[in-house]
Amino acid sequence: PSPAVAAGLLGLLSVALALGGARGGGSPRFPWDATSAVVLHSKRLHITRAAIEAGSARSAQKAQVLEHQAFEQVALLTAEPLQAGQYYTLSIQYFANLSESFHGFYKSTYRTQEGELRVLAATQFEPTAARMAFPCFDEPAFKARFSITIRREPKHLALSNMPIVKSVTITPWLVEDHFDTTVKMSTYLVAFIVSDFKSISKITGHGVKISVYTVPDKINQAHYALDAAVKLLDFYEDYFSIPYPLPKQDLAAIPDFQSGAMENWGLTTYRESALLYDPEKSSASSKLWVTMVIAHELAHQWFGNLVTMEWWDDLWLNEGFAMFMEFVSVSVTHPELRVEDYFLRRCFDAIEVDSLNSSHPISTPVEDPAQILEMFDNVSYKKGSCILNMLRDYLTADVLKAGLVQYLQKYSYQNTKNEDLWNIMTNASIPYSLMFFNFICPTVGSDKNELQGDGFCRTQQSSSNAHWTKGETLDVRAMMDTWTLQKGFPLVTVTVRGKNVHLQQERYMKGVNSPSSTGYLWHIPLTYITSKSDTVQRFLMTTKADVIILPEEVEWVKFNVDMNGYYIVHYEDDGWDRLINLLKENHTVISSNDRASLINNIFQLVSIKKLSISKAFDLTLYLKHERQIMPVLQGMNELIPIYRLLERRDMDGTAKQLKEYIINLFKDLIDKQSWSDEGSASERLLRDSLLLFACVHRYQPCVDKAKGYFTEWQKSNGTLSLPADVKTAVYAVGAQTSEGWDFLLSKYRLHLFDVERENIELALSLSRSKDKLQWLMDQGLRGDIVRTQDLPHIIVFVAKTPSGCHLAWTFLKENWEKVVEKFELGSNSIANIVTGLTSRYSTRSQLAQVKEFFSSLEEKSARLRCVQQAIETIEDNIQWMDRNFEEVKTWLQNNQL
């Protein structure tokens, strides 16, 4: 580094760690089995000396150090074998450079308002980067207690998992901070930061000190996060009935950060946009995002930190839970955000990847660091949270909560596997069986319900109710194994014959050569409502086919109520026509989540040739009258990608017709939007999405209004306060001219506009100038004007524009090595680039290019799951276009709005 930077780093790097017992000086203490070698993880550490001392001995014996770089391991060999049952102390001296990527102990920089460049150092160890900071047993099941000492300059401040117990001034320019010993925990949760951050603090109702740390100029944007964290930590302590075990919880916003946030115990770290909130400038979506991310990381303090998965194959026990708990907690602590409106979106995202053959079971074996990183995906996070939501709906919220609390209490400070959770859930449901069965077996008309052995009701022509109180145990493990140990999800086909409802399940599979779904069977907690009854009926389907007998014939039946179940439904014969008719005549008879799920399911069924595209488009006609956020956004999420596919291949104006159809569908809603920040969180989020959509797709009234705002804003040299929720649309229109683009860039470079960086990045990525788009990606790689952390979404933004799609692909091919070095092979960032860049490809030549490029790389890159996903998606797009293009064209000609 330059002398200025080197001076900034002076004193950051003396970090001493002790693991295990209470000894200091970088010395772990362990009882050994008899051996002559101790093998530890170590990556890019230069070990200068290693010694091993027996508990009773006066002198240490020197150890020879062997390194196996490919395995990221070192072996310490001793002349005399180590005795079983004896305690030994390891002393290792080593040095290392700060990492230049976003993992390990890495360097981050920021500029002050005056433009001065400042340096800090922070850690990101999950999943396998603690070994880049200190030699250790870097696997989640090796839990230890950590004593950390850090030397720093007096102008800096050091943070770690625990509070500082003492600071010693070593020289006038060097201070040594000693941190309290941690609780027993995994290596990936260790954290330290050396910086000049400022903080604000509050004490929770339970007496925990919460502090938010940011770069000094942004501390005024930390208040919202502080208040949210206090509320959320109090909520979790009450909900789990387990006290938060540390004296403090710090939340630190790191200027350079790859993912959204990290749950280090007692020192959670965040990307700035996931923690900072400015009430004057931030949008409603930003408030929702910040609240959800904090809720996620604080849920981890119990799920993940207190109870940890034994190995990364069960990562979902951390991530699926934290994502599920976001909704449980925020719906109570921040009811005004109405988070329940957005849960479905996550399940639709999960279904998207889980419908491909390249998907994987939630619980899946992994071995090397790249495979471990690949587990941090939509299946572990989003599918995990969706099946937990389904389980809550099945067991009831009280039973699920009782099970979770038992699980956390039983396994505190330990490691668990998938089955540990299900066994506890099965036991938790026993005391509730009696109450629960009465609750789920309503009497319909003169029929009585008989409880089957599967714990659910079927309507029988029987007068006996003796089985109601049998209290048979629900075998939660048998049921949930079908959701966690096999990939994919079920398609349930419903055929109504008079009062009989025939059900069939099979695996939903997209794809050209999709393998057969035989051998796949789920235990599906079916729910349904009918035209005659909006009481939710429940039935556990554990066989390939079954029949439900209704008390009377009905006009329509809707399965998977509110889409609480992780499955999709096809209605045979005229089943879909009846539902489409219902939406046309009175769509509010069913809930907005039910409407959103019908929109999603019908397009999923087109993909596997169960329905024609015309039928799906027929359903969308009702959207002209839709006003709720979930169905409107879902309609856009289905129709806009089809428009993008057509846009890339359009010869005859069909794409233009489709764009006009989509705009006309939502025109009344768009015209009704006030260009302000008024309304509930949902109304504000909807406004943000609608106006951006309308402006980007050149709906003239929207473009004119945005132009007016942009001109005024430009005249005021950016001082005019624009409504937060319309900024993205205004910037997007402004960036279409060269002068507007340059003006936006000049504001982007200013520190003041940090909250808006992502809005401006999106707008800059929508330019029609190839030179400007190329410059933007190049800068993202360099990292001084555009932060490298933002490069993944900039590449994807650019790829989605007609002028940028080829540029982005060329950029990735030319810079693959650099991108992998920065973001790590297997990471979510790499996966998002690969899948995001290719998601609209639909020609055979594009497919050939993608296959050719990835097969030219070394095997590890070529084998990445995201590459398989990209290839499958392109094949699927090709098929979709071949099959549906002409029909879409005809439908649009016959259905002008």
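Treat the numbers as computed from the prediction; the structure is a model and nothing was measured. (Residues numbered from 1 in each chain as written. Predicted model: local features only at pLDDT ≥ 70, side-chain atom pairs only at ≥ 80, totals over all residues. Heavy atoms only, no water.)

With that out of the way, let us pick up the overall build of the protein. If you tally the helices and strands in the protein, you get 28 helices and 31 strands. For the protein, the C-alpha radius of gyration of 29 Å lies close to 29 Å, the compact-globule estimate for 897 residues. Principal-axis analysis of the C-alpha atoms places the extent of the protein at approximately 90 × 75 × 55 Å. Long-range contacts, defined here as pairs at least 24 residues apart, represent 70% of the contacts in the protein between residues at least 6 apart. (Helix = DSSP H or I, 4+ residues; strand = E, 2+ residues; numbered from the N terminus. Rg over C-alpha atoms; globule rule 2.2 N^0.38 Å. Contact = heavy atoms within 4.5 Å.)

As a further point, take the packing of helix H18 (residues 700-715) against helix H20 (residues 738-748). Here H18 crosses H20 at 55°, and the two axes come no closer than 12 Å. On the basis of their axis angle, the class for H18 and H20 is oblique. Like other packed secondary-structure pairs, H18 and H20 cross with a definite hand, here left-handed. Residue-level inspection shows Phe 710, Trp 713 and Gln 714 of H18 in contact with H20, the latter providing Glu 739, Gly 740, Phe 743, Leu 744 and Lys 747. Class assignment for the residues of the contact of H18 with H20 results in four nonpolar, two polar and two charged. (Axes fitted to C-alpha atoms, helices over the stretch in contact; angles between N-to-C directions. Parallel < 35°, antiparallel > 145°, perpendicular 65-115°, else oblique. Left-handed = near helix turned anticlockwise from the far one by under 90°. Nonpolar A, V, L, I, M, F, W, Y, C, P; charged D, E, K, R; others polar.)

Right, let's get into the nonpolar core. In this structure, Ile 294, Met 325, Leu 391, Leu 503, Phe 559, Phe 617 and Trp 816 are the most contacted members of the largest nonpolar core, which totals 278 residues. Once residues lying within four places of it in the same chain are set aside, the contact partners of Ile 294 are Ala 225, Ala 228, Ala 229, Leu 232, Leu 251, Tyr 270 and Leu 275. (Core = buried A, V, L, I, M, F, W, Y, C linked by side-chain atoms within 4.5 Å. Buried < 20%, exposed > 50% of the residue type's maximum accessible area, 1.4 Å probe, protein only.)

On to helix H13 (residues 592-607), then. Between its first and last C-alpha, H13 extends 23 Å over 16 residues, near the 22 Å set by a 1.5 Å rise per residue. Along H13, 16 of the 16 residues are buried, which leaves the element largely enclosed by surrounding structure. Downstream of H13 by one or two residues, Lys 609 has phi in the positive range, about 65°. (Expected span 1.5 Å × (residues − 1).)

A few words on the side chain of Ser 385. Looking at the secondary structure, you find Ser 385 in helix H7 (residues 378-395). When its relative accessible area of 0% is taken as the criterion, Ser 385 is described as buried. In contact with Ser 385, other than residues within four places in its own chain, are Gly 320, Met 323, Phe 324 and Phe 343.

A few words on the sheet that holds strand S28 (residues 533-541). The three strands lie next to each other as S28-S27-S30, forming an open sheet whose pairing is antiparallel. The open sheet is flanked by S28 and strand S30 (557-559), the only strands paired with a single partner. In this sheet, neighbouring strand axes are inclined to one another by 25° on average, regardless of whether the strands run parallel or antiparallel. Looking at chain direction, strand S27 (residues 524-530) and S30 are connected through three bridges and run antiparallel. The residue of S30 that forms the bridge with Ile 529 is Lys 558. (Pairing = 2+ DSSP bridges.)

This part is about the state of the cysteines. Taken as a whole and assessed by the stated rule, the structure comprises two disulfides. In this model Cys 347 forms its disulfide with Cys 386; the gap between the sulfur atoms is 2.0 Å. Classification of the bridge connecting Cys 347 and Cys 386 rests on its S-S torsion, roughly -105°, and on that basis the disulfide is left-handed. Separated by 39 residues along the polypeptide, Cys 347 in helix H5 (residues 343-354) and Cys 386 in helix H7 bring together distant segments of the chain. Across this residue pair, the class does not change: Cys 347 and Cys 386 are buried. One disulfide bridge connects Cys 695 with Cys 702, the sulfur atoms lying 2.3 Å from each other. Here Cys 695 and Cys 702 share a disulfide; its torsion about the S-S bond, -90°, makes the bridge left-handed. We classify Cys 695 as buried; its relative accessible area is 5%. (Disulfide = S-S within 2.5 Å.)

This part takes up the confidence of the model for the protein. For the protein, per-residue confidence averages 89 on the pLDDT scale, and residues scoring 70 or more make up 90% of the total. The low-confidence segment residues 19-26, where pLDDT is below 50, has 22 contacts with residues more than four positions distant or belonging to other chains. This model gives residues 434-471 a pLDDT under 50, and the stretch forms 67 contacts once residues within four places in sequence are excluded. (pLDDT = per-residue confidence, 0-100.)

On to the pairing of strand S17 (residues 209-214), then. Burial analysis of S17 places five of its six residues in the buried class, which makes it a mostly covered element. Here six bridges tie strand S16 (residues 198-203) to S17, and the two strands are oriented antiparallel to one another. Among the inter-strand pairings, Ser 201 is bridged to a residue of S17, identified as Ser 211. Adjacent in sequence and paired antiparallel, S16 and S17 are bridged by five residues, among which Gly 207 carries a positive phi angle near 90°. For S17 and strand S18 (residues 248-254), the ladder comprises five bridges, and the chain directions are parallel. Counted as the bridge partner of Val 212 is Leu 251 from S18.

A separate point is the pattern of salt bridges. Under the definition given, this model contains 46 salt bridges. Across the salt bridge formed by Glu 506 and Lys 610, the nearest N and O atoms sit 3.6 Å from each other. Of the two residues, Glu 506 sits in strand S26 (residues 500-507) while Lys 610 sits in the loop between H13 and helix H14 (613-620), which places them 104 residues apart along the sequence. Judged by relative accessible area, Glu 506 falls into the partly exposed class, the value being 27%. Between Asp 725 and Arg 684 there is a salt bridge, with its nearest N and O atoms 2.4 Å apart. Of the two residues, Asp 725 is situated in the loop between H18 and helix H19 (727-734) and Arg 684 in helix H17 (residues 681-696); the sequence distance between them amounts to 41 residues. The residues Asp 725 and Arg 684 share a single accessibility class, namely buried. Each member of the salt-bridge network shares a partner with another, and the members are Lys 43, Glu 72, Arg 131 and Asp 138. (Salt bridge = Lys/Arg side-chain N within 4 Å of Asp/Glu carboxyl O.)

Turning next to the environment of Asp 876. Among the structural elements, Asp 876 can be located in helix H28 (residues 865-894). Using a relative accessible area of 10% as the deciding quantity, one classes Asp 876 as buried. Remark: the alpha-carbon pair of Asp 876 and Ile 662, spanning 214 residues in sequence, is separated by 23 Å. Not counting residues within four places of it along the chain, the set of residues in contact with Asp 876 comprises Lys 510 and Gly 511.

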